[in-house]
There are 2 protein chains.
Amino acid sequence: MAEQKATNVTWHEHKVSKAERLQLKGHKGAVVWFTGLSACGKSTIANALDHKLHLAGKHSVVLDGDNIRMGLNKNLGFSAEDRAENIRRIGEVSKLFAQSGTIAITAFISPYRADRDAVRALLGEGEFIEVYVNASVETCEARDPKGLYKKARAGEIKNFTGISDPYEAPEKAELVLDANTKGIEELTNEVLAYLESKGVLKA
Amino acid sequence: MAEQKATNVTWHEHKVSKAERLQLKGHKGAVVWFTGLSACGKSTIANALDHKLHLAGKHSVVLDGDNIRMGLNKNLGFSAEDRAENIRRIGEVSKLFAQSGTIAITAFISPYRADRDAVRALLGEGEFIEVYVNASVETCEARDPKGLYKKARAGEIKNFTGISDPYEAPEKAELVLDANTKGIEELTNEVLAYLESKGVLKA
């Protein structure tokens, strides 16, 4: 992971405590980290979850792959090193949101176990909720809404996860969603039920 | 600024609109961008503002120099290039907070005009509020709470803004605070009054 470059920096305690922020929001901060192959449904479930949380008066935010790659991480590509830095930055940003009492919902392929575990290590007990959206390459390739698998098979996209780059499935995800057989609504409700059962949705 | 590296990315519209997010928060999202020399009072005013906003039930967050340099930007130093990337990333993160309906309060020296203007360009009309905390090098050096000016004068810190690196004061800041003569409480109230006058504190 990234090395600490700046010296002469000291951690500032903020005047408003995390507990006070959660009190204002009415629920806990957390990071719901979706991981899975391209086209497995991560972004769709993330947005559906965000929508349901919003309707319930919860403060959430969605960070998803392409949007972040057009903003914060526009200077990163898809090499293993850039993918690691991509996930590291997103991890730090989700942490900032979680500290502010927001439920940060991330939807990134995040194919490497070590990168995801590094994000987990940034967060407190119970704050990092890894959700594996489990869909086979066959399922995803059959959907292929952006035609990316087709391009990857044709060799037009290099380092494509599941085709020419590995995907390391989580071994201890908080939640595994069966996206081969279940629909968006059902899967979204499974995540919501998990958050409720863990007390995330109350302060 | 950073070049777009990833191709094959498309912008996703989120299911929850920005307007709906502001409605839930009860006020607008914005970036209150403090700029000024080291030890001019940026972080102290930022935290005091955050505290007052919190007490008033507003959703705010503080992003400050050292904390970000120990997290998101730990792989950046103080060269002109690294400073630009530091500010670029912080700009993108504040934008994410503003879009979520949060008042992002940033406290970074952010010495270069071009870098600050690039952040302004990321945000919508009225969303970027540049606050110049105007204190002379003499004032700041007399305070020097972390002994950094002393180290910079001794040549132990290179590229130190105001000593061995330039500070480009804002030409069109939304607000200029006179930190040579006024105290934290008074300056914080000036910012609060500005936010109120511009309608930021209501949805």
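Look a little higher up for the structure.
Quick look at the structure, then. (Residues numbered from 1 in each chain as written. Chains lettered and ligands numbered in written order. Predicted model: local features only at pLDDT ≥ 70, side-chain atom pairs only at ≥ 80, totals over all residues.)

1. A look at the overall build of chain A
Within chain A, the secondary structure is distributed over eight helices and five strands. For chain A, the sequential pattern of α-helices and β-strands runs α-β-α-β-α-α-β-α-β-α-α-β-α. Its C-alpha atoms give chain A a radius of gyration of 17 Å, within 12% of the compact-globule value 17 Å for 203 residues. The principal-axis extent of the C-alpha atoms belonging to chain A is close to 55 × 45 × 30 Å. Here chain A holds 203 residues, and 46% of them are scored as buried. A separation threshold of at least 6 residues defines the contact pool for chain A, and within that pool the share at least 24 residues apart is 77%. (Helix = DSSP H or I, 4+ residues; strand = E, 2+ residues; numbered from the N terminus. Rg over C-alpha atoms; globule rule 2.2 N^0.38 Å. Buried ≥ 20, exposed ≤ 12 C-beta atoms within 10 Å, placed from the backbone. Contact = placed C-beta atoms within 7 Å.)

2. A few points about the environment of Ser164(B)
All names here are of chain B. You can see Ser 164 is positioned in the loop between helix H7 (148-153) and strand E5 (175-178). Judged by the 12 C-beta atoms lying within 10 Å of it, Ser 164 falls in the exposed class. With eleven residues separating them along the chain, Ser 164 and Arg 153 place their C-alpha atoms 8.7 Å apart.

3. Things to note about the environment of Leu195(A)
All names here are of chain A. Tracing the sequence through the fold places Leu 195 in helix H8 (residues 184-197). Along the sequence, Leu 195 and Ile 129 sit 66 residues apart, while their C-alpha atoms lie 8.9 Å from each other. Beyond its immediate sequence surroundings of up to four residues, Leu 195 is in contact with Val 200 and Leu 201.

4. A look at the sheet that holds E5(B)
Residue and element names in this part refer to chain B. Across the sheet, five strands lie side by side as E2-E3-E1-E4-E5; this open sheet has parallel pairing. The open sheet has two free edges, formed respectively by strand E2 (60-64) and E5, since each of these has just one partner strand. Strand-to-strand twist in this sheet, taken as the mean axis angle between neighbours without regard to direction, amounts to 20°. Taken together, the five bridges between strand E1 (residues 30-35) and strand E3 (residues 103-107) define a ladder with parallel strand orientation. From the neighbouring strand, Val 32 faces E3, where its bridge partner is Ile 105. (Pairing = 2+ DSSP bridges. Axes fitted to C-alpha atoms, helices over the stretch in contact; angles between N-to-C directions.)

5. Here we look at the pairing of strand E4 (residues 128-134) of chain B
All names here are of chain B. Of all seven residues in E4, seven are buried, a share of seventy percent or more. Burial along E4 is two-sided: the residues Phe 128, Glu 130, Tyr 132 and Asn 134 and Ile 129, Val 131 and Val 133 are all buried. Pairing analysis gives four bridges linking E4 to E5, with the strands arranged parallel. Among the inter-strand pairings, Val 131 is bridged to a residue of E5, identified as Leu 175.

6. Things to note about helix H8 (residues 184-197) of chain B
Residues and elements named next belong to chain B. Here H8 is 14 residues long and its end C-alpha atoms lie 20 Å apart, about the 20 Å a rise of 1.5 Å per residue gives. Looking at H8, one finds that the buried residues are Leu 187, Thr 188, Val 191 and Leu 195. Across the axial projection of H8, the buried residues extend over an arc of 100°, all falling on one side. Opposite the packed face of H8, turned more than 90 degrees from it, sit the exposed residues Glu 185, Glu 186, Ala 193, Glu 196 and Ser 197. Those residues of H8 that are buried are in contact with E1, helix H2 (42-55), E4 and E5. Backbone geometry just downstream of H8 places Gly 199 in the positive-phi region, at approximately 75°. (Expected span 1.5 Å × (residues − 1). Arc of directions from axis to C-beta.)

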